[in-house]
Amino acid sequence: YSIQGLFKFGFYELFEHVYGGVIGEENAFNYRALLHVASSASAEFFADIGLCPFEAVKVRVQTSPAFAKGLLDGMPKMIAEEGIGNLYAGLGPLWARQIPYTIIKFVAFEAIAEKVYEIAPKPKAEMNKFEQMMVIFTSGYLAGILCGAVSHPADTMVSKINKLKMDGGLFTKMGVIYNGTADGAVKGTGWSSPRE
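Everything numeric in this text was worked out from a predicted model, so none of it was measured.

(A) Expanded view of the packing of helix H1 (residues 2–23) against helix H5 (residues 91–119). Taken N-terminus to C-terminus, the directions of H1 and H5 make an angle of 50°; their axes are 13 Å apart at the nearest point. By the angle between their axes, H1 is oblique relative to H5. Regarding H1 and H5, the two cross each other, and that crossing is right-handed. Along the contact surface, H1 presents Gln4, Lys8, Phe9 and Tyr12, while H5 presents Gln98, Tyr101, Thr102, Lys105, Phe106 and Glu110. Class assignment of the residues belonging to the contact of H1 with H5 gives a composition of four nonpolar, three polar and three charged.

(B) Structural view of the side chain of Ser42. Mapped onto the elements, Ser42 comes out in helix H3 (residues 32–63). In this structure Ser42 comes out as buried when scored by relative accessible area, which is 17%. Side-chain polar atoms of Ser42 contact the side chain of Tyr19, separated by 2.8 Å. In contact with Ser42, other than residues within four places in its own chain, are Phe15 and Tyr19.

(C) The side chain of Gln4, seen in detail. Locating Gln4 in the fold gives a position in helix H1. On the accessibility criterion, Gln4 (6% relative accessible area) is buried. Among the polar contacts made by the side chain of Gln4, one reaches the side chain of Asp48 at a distance of 3.4 Å.

(D) Seen up close, the pattern of salt bridges. Under the defined criterion, the tally for this structure stands at seven salt bridges. Across the pair Lys8 and Glu44 runs a salt bridge whose closest N-O atoms are separated by 3.3 Å. Of the two residues, Lys8 sits in helix H1 while Glu44 sits in helix H3, which places them 36 residues apart along the sequence. When its relative accessible area of 4% is taken as the criterion, Lys8 is described as buried. The shortest N-O distance in the salt bridge between Arg32 and Glu114 comes to 2.7 Å. Placement of the pair is Arg32 in helix H3 and Glu114 in helix H5, with a sequence separation of 82 residues. The exposure class of Arg32 is partly exposed, given its relative accessible area of 26%. Classification of Glu114 as partly exposed rests on a relative accessible area of 31%. One connected set of salt bridges, linked through shared partners, spans Glu55, Lys58 and Arg97.

(E) Broad picture of the nonpolar core. Counting residues in each nonpolar core, the largest one holds eight residues, listed as Ala56, Val57, Val61, Phe67, Ala68, Met75, Met78 and Leu87. Those elements that provide at least two residues to this core are H3 and helix H4 (71–82). Apart from residues lying up to four places away in sequence, Val57 is in contact with Gly70, Leu71, Gly74, Met75, Met78 and Leu87. In this structure, Met157, Leu164, Met166 and Val176 belong to the second largest nonpolar core, which totals seven residues.

(F) Structural view of the environment of Leu164. Assignment of secondary structure puts Leu164 in the loop between helix H6 (129–163) and helix H7 (170–179). Between the C-alpha atom of Leu164 and that of Val176, which follows or precedes it by twelve residues, the distance is 9.0 Å.

(G) Inspection of the environment of Thr63 at higher detail. Within the fold, Thr63 resides in helix H3. Each C-alpha atom of the pair Thr63 and Lys163 lies 6.4 Å from the other, and the pair is 100 residues apart in sequence. Reaching out from Thr63, the side chain makes a polar contact with the backbone oxygen of Val59 at a distance of 2.7 Å.

The rules behind these values
- Every chain is numbered independently, its residues counted from 1 as its sequence is written.
- Only residues with pLDDT of 70 or above have their local features reported here, since the model is predicted, and side-chain atom pairs are shown and tallied only from 80 upward, although totals for entire chains, interfaces and linings are computed over all residues.
- Derived side-chain values reflect all non-hydrogen atoms in the structure, with water molecules and hydrogen atoms excluded from consideration.
- Axes here refer to lines fitted to C-alpha atoms; in helices the fit is confined to the stretch in contact. Angles between the N-to-C directions go from 0 to 180 degrees.
- Going along the chain from the N terminus, every DSSP run of H or I of four or more residues is numbered as a helix, and every run of E of two or more is numbered as a strand.
- Here roughly perpendicular refers to angles of 65 to 115 degrees, roughly parallel to angles under 35, roughly antiparallel to angles over 145, and oblique to all remaining angles.
- Note on convention: near helix rotated counterclockwise from far helix by under a right angle means a left-handed crossing. Clockwise means right-handed.
- Contact criterion: two residues are considered in contact whenever any of their non-hydrogen atoms come within 4.5 Å of each other.
- Under this grouping Gly is polar, as are all residues other than the nonpolar Ala, Val, Leu, Ile, Met, Phe, Trp, Tyr, Cys and Pro and the charged Asp, Glu, Lys and Arg.
- Residue exposure (1.4 Å probe, protein chains only): buried if accessible area is under 20% of the type maximum, exposed if over 50%, otherwise partly exposed.
- A 3.5 Å cut-off defines polar contacts: any pair of N or O atoms within that distance qualifies, except that in protein one atom must be a possible hydrogen donor and the other a possible acceptor, and neighbouring residues in sequence count only when both atoms are side-chain atoms.
- Salt bridges, as used here, are contacts in which a Lys or Arg side-chain nitrogen is within 4 Å of a carboxyl oxygen on Asp or Glu.
- Think of a nonpolar core as a cluster: buried Ala, Val, Leu, Ile, Met, Phe, Trp, Tyr and Cys residues, connected wherever their side-chain atoms sit within 4.5 Å.

Pasting the structure below:
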């Protein structure tokens, strides 16, 4: 998650600066919510490319403890048995989970913080560091609640895809999860076809 966090927060600031420069200072202020959307989505796109292999191994180790002890033995084993491409089989659902989550996180955080500063008894410039930290904490907490509601369905799909031990890409694996095809592919996942 360190790689993802580095890319997410670092690229968010970078993209906000770059996109803001392209559209100009006045437009960056007037359309700041859209600027936050574009910056956070772009940042998370790259952050997930860094996260995906580690997430695949983590989910495999959590759902099949006999597979490996952790990342150090799990990553080489997955590559040897299933190939590097399978480490990215969950990238589509990861984007579906994380990009909306990150957009909501940054847009909600920025909007909530702006509103809290508006209703605060004194301007931000007059607040001490503790008071500003309380605004940041409150804004982050409320934004986090919204993020959880947005990301849960795709999080479930990422876990199910990474649990499957079979060849095939994203849509093949999603077909197995939704339709119960490829006999035995979902054995041990706790999922069963509605037809059974």
